[in-house]
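Chain by chain, the residues:
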Amino acid sequence: MTTASQPNRARRARMARSRLVSYGAAIVLTVVVFGPLYWMINTALKPADEIFSSPPLWFPLSPTFSNFIDTLDPVFIRYIGNSLLVATLTTVVCVLFALLAGYAVSRPSGKSGKSVIVAVLISQLLPPAVLLVPLYKTADTLGLLNSFGGLIVAYLTFTLPVAIWLLHGFITSIPAELEESAQVDGLSSFRAYFKVIVPLARPGIAATAAYIFFTVWQDFMFALVFLTDQDMRTLPLGVLGYIGAYTVNWGQLMAASTMLLIPILVIFAFVQKQFIAGLTAGAVKG
Amino acid sequence: MTSSLALKIRRRPRLRKQSSYRRRELALQILCITPPLLLLAGLVGYPVVQTLYLSVMKSTLIDPEPIFVGLRNFASIFTSAQFWAVLVNSVIWTIGITIGQTVLGLLAALILNRKFIGRTALRALVVIPWVMPGVIAGILWKLLYDPSLGPIDQLLSFLGIGGGVNFLGEPSTALVAVMVVAVWKGFPLSAVMYTAAYQNVPDELREAARLDGAGRWRVFTSVVLPSMAPTIRSTVLLTTVWTFNYFDLTYVMTQGGPGYSTEIFPTAIYRIAFQDVDYGLSSAYGVISVAILSVFTVLYLRQLNKSGSLSR
């Protein structure tokens, strides 16, 4: 560092190189993440003859929405309705139970907290495939197969532990003094929890609800086993119907997939910040 | 209770009032924890016990009344070539995907912490593969891998690496081909975690190391990485368990085939229970997979305990 201009030029060169690396790396990452998704939309917009051209076309020559329009028949709309119903109901029931549990587990005075949380964590890590057979047999004896009620209860097996655990992270992060001062003001601890703490935890509750919604929206395995009636199918199961015995209707399949993604992305756009905060602070606290 | 009353309570008869208060509070807590715990006991506890019970029973489609067979289900598992294939596949599957997701996740986190226009958008959108249903990801990649309709084959022959390989149809490539999809679908979560952890590394720490003459790589390995270690450990353990349990991709893409080349524990449990209708054998597979997972569960709990997440 002898003169002023030399290090300046060197620094500028270094910054230019660093910027080049940044953009290069960002482009690579973008291609890795979105390349496959591009192909999904590309295929969804192709007319049938272009889909089956070999070698494949990297963009539609005469793009058309006919795949989307054909996909949106009453059956598909029914699948959407089924999925929305099941995912919403499971989310509501699950969050309510988790909030109840949160009162006992996550409050500063709760003594059972730690052991309950450990039990919850263990059940969260059990393989759902293992629970599948006994739950199926039980639902079968109770006549709960092919009913949304049975499926929703089954979904609680893997959503409730996660919900309790995520909410635990959010609720314990709210200072205990807030609740204590509410109690000094004459609220019982129960009411203090629901009137003071729960409203404060609203962003966390939203993130937890979103997580539960995704999990159920995505589920395939339980729906596959619990729902055999065509009319009851949820979206992931219904989409498989486009894979016929002889041919695969790729255009409609990809159009359906694109539409399946949209609600998730909309919800995610709203809760993204809390969602990531919750995952990093609650589930995977460093 | 009004606030003036509350103030009076805080004066003299505090001890007695408080103990009745505490008792009521405890009763309420028990009341609140009971429904969720009962649900969990019924939905998780009972199936686990039932699986243990079924694993020592034998029933068939023709003869559905289960009879006690002791450990014969396990004996037939340990002597079957299929089980060892499933075990080896599961180990390769779990370790390979976990390593892939961790390395890609770290790389992506480093990229997402550099400065470039559009960084905020990319940080938000990078999670798309992770939030997309596994069935959809599986179907989409089936198309991508298709030797005549998909772009991968075309890209490979364009690069001169060869083409005409049906990756999902060959026993030698099918498992790795599905693993690639699992890494693609799963690494965004690791990336998000590591991006957050990276931002939590105090700038002063990095600055101090740089002033001490450490180069970029040195700063990364001896300052940044150690600070991120707890997050990395937890994420790796969670990824391991989730990957081991992951069913959708394999089911949609290969159904465990060709042969048993992509069969892993969850697909084996499903197939034996619902296609072969052999609940006993399927449950025995279930018991073994829980036994394997319990090792990781213990490790995860220890990690959480160490990082203070379990105590308040």
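Everything numeric here is computed off the predicted structure, so don't read it as measured data.

Asks: What exactly am I supposed to notice about the overall build of chain B here?
Replies: Looking only at helices and strands, chain B has 14 helices and two strands in total. For chain B, the C-alpha radius of gyration of 26 Å lies well beyond 20 Å, the compact-globule estimate for 312 residues. With the C-alpha coordinates aligned to their principal axes, the bounding extent of chain B is approximately 85 × 70 × 35 Å. Relative to its full complement of 312 residues, chain B shows a buried share of 52%. A fraction of 65% describes how many contacts in chain B between residues 6 or more apart in sequence connect residues 24 or more apart. A total accessible area of about 15,000 Å² is found for chain B, and carbon and sulfur atoms account for 66% of it. Between the averaged position of the 27 positive side-chain charges in chain B and that of its 14 negative side-chain charges there is a distance of 24 Å.

Asks: Sorry, what's going on with the overall build of chain A here?
Replies: A count of helical and extended segments in chain A gives 13 helices and zero strands. Walking chain A from its N terminus toward its C terminus, one meets helices and strands in the order α-α-α-α-α-α-α-α-α-α-α-α-α. Partitioning the intrachain contacts of chain A with sequence separation of at least 6 by distance along the chain shows that 71% fall at a separation of at least 24. Taken as a whole, chain A presents about 12,600 Å² of accessible surface, with 68% of it coming from carbon and sulfur.

Asks: What am I meant to see in unusual backbone geometry here?
Replies: Glycine aside, negative phi is the norm for most residues, and most peptide bonds take the trans geometry. Of note, the phi angle at A:Asn146 is positive, near 60 degrees, even though the residue is not glycine. Of note, B:Gln255 is a non-glycine position whose phi angle comes to about 55 degrees, a positive value. Position of B:Gln255 relative to the elements: it lies in the loop between helix H12 (248-253) and helix H13 (265-274).

Asks: Sorry if this is basic, but what is going on with the packing of helix H10 (residues 203-211) of chain B against helix H11 (residues 216-245) of chain B here?
Replies: When two helices pack together, their arrangement is given by the angle between the helix axes and by the axis-to-axis distance. All names here are of chain B. At a minimum axis distance of 10 Å, the contact between H10 and H11 shows a crossing angle of 160 degrees. The angle between the axes of H10 and H11 places the two elements in the roughly antiparallel class. Note on packing geometry: the crossing formed by H10 with H11 is right-handed. Contacts between H10 and H11 involve Leu205, Arg206, Ala209 and Arg210 from the former and Val219, Val223, Val224 and Ser227 from the latter. Each residue belonging to the contact of H10 with H11 can be placed in one class, and the counts come to five nonpolar, one polar and two charged.

Asks: Explanation requested: empty space enclosed by the protein in the structure shown.
Replies: Empty space among the atoms becomes apparent when a probe as large as a water molecule is rolled across them. By the definition in use, this model includes five cavities of 30 Å³ or more. Considering the residues around the largest cavity, the lining is formed by 32 residues, among which A:Tyr211, A:Thr215, A:Gln218, B:Trp242 and B:Tyr246 are closest to the centre. Of all the elements, helix H9 (residues 174-199) of chain B adds the most residues to the lining of the largest cavity, at five residues. Within the lining of the largest cavity, the residues separate by chemical class into 18 nonpolar, eleven polar and three charged.

Asks: What should I look at first to understand the layout of surface pockets in this one?
Replies: Roughly 1,400 Å³ of volume is contained in the largest pocket. Lining the largest pocket we find 33 residues, and of these A:Ser18, B:Arg114, B:Tyr198, B:Arg210 and B:Arg216 sit closest to its centre. Taken together, the elements giving at least two residues each to the lining of the largest pocket come down to helix H1 (5-44) of chain A together with helix H4 (81-112), helix H5 (119-125), H9, H10 and H11 of chain B. Element by element, the count of residues in the lining of the largest pocket is highest for H1(A), at ten residues. For the lining of the largest pocket, the residue count by class is 16 nonpolar, five polar and twelve charged.

Asks: When you look at the interface of chain A and chain B in this model, what are you seeing that I'm missing?
Replies: In many analyses, interface size is given as the accessible surface area lost on bringing the parts together. Taken together, the contacts link 105 residues of chain A with 98 residues of chain B. Around 8,800 Å² of area is buried between chain A and chain B when both sides are counted, 77% of it from carbon and sulfur atoms. The interface formed by chain A and chain B contains zero salt bridges. Sorting elements by how many residues they give to the side of chain A that touches chain B places H1(A) first, with 16 residues.

Asks: Just to check I follow, could you spell out the environment of A:Ile276 for this structure?
Replies: As for its placement among the helices and strands, A:Ile276 is situated in helix H13 (residues 250-283). Taking the C-alpha atoms as reference points, A:Ile276 and A:Pro36, 240 residues apart in sequence, are found 24 Å from one another.

Asks: Can you help me understand the nonpolar core in this one?
Replies: Looking at soluble globular proteins, one finds that nonpolar side chains tend to be buried together. A:Phe222, A:Met254, B:Met132, B:Tyr145, B:Met228 and B:Tyr285 are the most contacted members of the largest nonpolar core, which totals 185 residues. Residue contacts for B:Tyr285: discarding those within four places in its chain leaves B:Ile77, B:Ser80, B:Gln82, B:Phe83, B:Val86, B:Phe265, B:Ala268, B:Ile269 and B:Ile272.

Asks: Would you take a moment to explain the packing of aromatic side chains for this structure?
Replies: Two descriptors summarise a pair of aromatic rings, namely the distance from one centre to the other and the angle between the planes of the rings. Tallied over the entire structure, the rule returns 28 aromatic pairs over all chains. A centroid spacing of 6.1 Å and a plane angle of 25 degrees characterise the contact between A:Phe222 and A:Phe226, whose relative ring orientation is stacked. Note that A:Phe222 and A:Phe226 are positioned in helix H11 (residues 221-226) at a spacing of four residues, about one turn of the helix. Both residues of the pair, A:Phe222 and A:Phe226, count as buried. With centroids separated by 5.0 Å and ring planes inclined at 75 degrees, the aromatic side chains of B:Phe83 and B:Trp84 adopt a geometry described as edge-to-face. Residue classification places B:Phe83 among the buried residues on the basis of a relative accessible area of 2%. Site record: aromatic cluster; members linked through ring pairs are A:Tyr136, A:Phe220, B:Phe247, B:Tyr251, B:Tyr270 and B:Phe274. For the cation-ring pair, B:Arg206 lies above B:Tyr198, with the distance from its terminal atom to the ring centre recorded as 4.8 Å.

Asks: How should helix H6 (residues 128-141) of chain A be read in this particular structure?
Replies: Residues separated by three or four positions in an α-helix point in the same direction, a consequence of the helix having 3.6 residues per turn. All names here are of chain A. A rise of 1.5 Å per residue sets the reference length of H6, with its 14 residues, at 20 Å; its end C-alpha atoms lie 20 Å apart and thus fit the reference within 8%. Among the residues of H6, those classed as buried are Ala129, Val130, Leu131, Leu132, Val133, Pro134, Leu135, Tyr136 and Ala139. Positive phi shows up at Gly143, right after H6, with a value of about 70 degrees.

Asks: Please clarify how the confidence of the model for chain B should be interpreted in this entry.
Replies: All names here are of chain B. Per-residue pLDDT for chain B has a mean of 84; in total, 93% of the residues score no lower than 70. Confidence, expressed as mean pLDDT per element, reaches its minimum in chain B at helix H1 (residues 3-9) with 45 and its maximum at H4 with 93. Taken as a whole, residues 1-14 scores under 50 in pLDDT and shows nine contacts with residues more than four places along the chain or in a different chain. Here the predicted complex scores 0.85 on pTM and 0.84 on ipTM.

Asks: Hey, could you run me through the pattern of salt bridges in this one?
Replies: Close approach of charged atoms lets side chains of opposite charge pair. All names here are of chain B. Counted by the stated rule, this structure contains five salt bridges over all chains. As a salt-bridge pair, Lys58 and Asp278 come within 3.1 Å of each other at their nearest N and O atoms. A residue pair is termed long-range when its members are at least 10 positions apart, and Lys58 in strand S1 (residues 57-58) and Asp278 in the loop between H13 and helix H14 (279-306) qualify at 220 residues. Across the salt bridge formed by Glu263 and Arg271, the nearest N and O atoms sit 2.6 Å from each other. Like Glu263, the residue Arg271 is buried in the burial classification. If you follow the salt bridges from partner to partner, you end up with Glu263, Arg271 and Asp276 in one network.

Rules of the game
Position labels on residues start from 1 in each chain and follow its written sequence. Labels follow written order: the first chain is A, the first ligand is 1, and so on. Confidence filtering applies because this is a predicted model: local features only for residues at pLDDT of at least 70, side-chain atom pairs given and counted only at 80 or more, and all residues used for totals across whole chains, interfaces and linings. In computing side-chain values, all of the structure's heavy atoms are included and hydrogens and water are not. Note on conventions: DSSP H or I runs of at least 4 residues are helices, E runs of at least 2 residues are strands, and numbering of each starts at the N terminus. Every radius of gyration here is taken over C-alpha atoms, with the globule rule written as 2.2 Å times N^0.38, N being the number of residues. The classification of residues rests on relative accessible area computed with a 1.4 Å probe and restricted to protein chains. Under 20% of the type maximum is buried, over 50% is exposed, and intermediate values are partly exposed. Residues count as neighbours in contact if any of their non-hydrogen atoms are within 4.5 Å of one another. All accessible areas in this document rest on Shrake-Rupley with a 1.4 Å probe, and a residue is counted as covered only by the protein chains that are shown. His is not counted, nor are the chain ends; Lys and Arg add positive charge and Asp and Glu add negative charge. By convention, charge coordinates are those of NZ in Lys, CZ in Arg, CG in Asp, or CD in Glu. Here an angle of 0 to 180 degrees is reported between the N-to-C directions of two axes, which are lines fitted to C-alpha atoms, with helices fitted over the stretch in contact. Any angle that is under 35 degrees is reported as roughly parallel, and any over 145 degrees as roughly antiparallel; angles of 65 to 115 degrees are reported as roughly perpendicular and all others as oblique. Crossings are classed by handedness, with left-handed meaning an anticlockwise turn of the near helix from the far one by less than a right angle and right-handed meaning a clockwise turn. Amino acid classes used here: Ala, Val, Leu, Ile, Met, Phe, Trp, Tyr, Cys and Pro are nonpolar; Asp, Glu, Lys and Arg are charged; the rest, including Gly, are polar. A cavity here means a set of 1 Å grid points, computed over protein atoms only, where a 1.4 Å probe fits but cannot escape. A pocket is an open set with protein on both sides within 12 Å along at least 5 of 7 lines, and lining residues have an atom within 4 Å of a point. Grid points are joined across faces, edges and corners, and a volume is the space filled by probe spheres set on the points. Buried area is calculated as the accessible area (1.4 Å probe) missing from two parts once they are joined, with the contributions of both summed. Salt bridge, as applied in this entry: a Lys or Arg side-chain nitrogen positioned within 4 Å of an Asp or Glu carboxyl oxygen. Remark: nonpolar core denotes a set of buried residues (Ala, Val, Leu, Ile, Met, Phe, Trp, Tyr, Cys) joined through side-chain atoms within 4.5 Å. Stacked, tilted and edge-to-face are the three classes applied to pairs of Phe, Tyr and Trp rings, where Trp contributes its six-membered ring and a pair requires centres within 6.5 Å; stacked means planes under 30 degrees apart, edge-to-face means over 60, and tilted covers the rest. The rule is short: NZ of Lys or CZ of Arg within 6 Å of the ring centre and within 35 degrees of the ring normal puts a charge over the ring. A helix is expected to reach a length of 1.5 Å times the quantity of its residues less one. A residue's pLDDT is simply how confident the predictor is in it, with values from 0 to 100.

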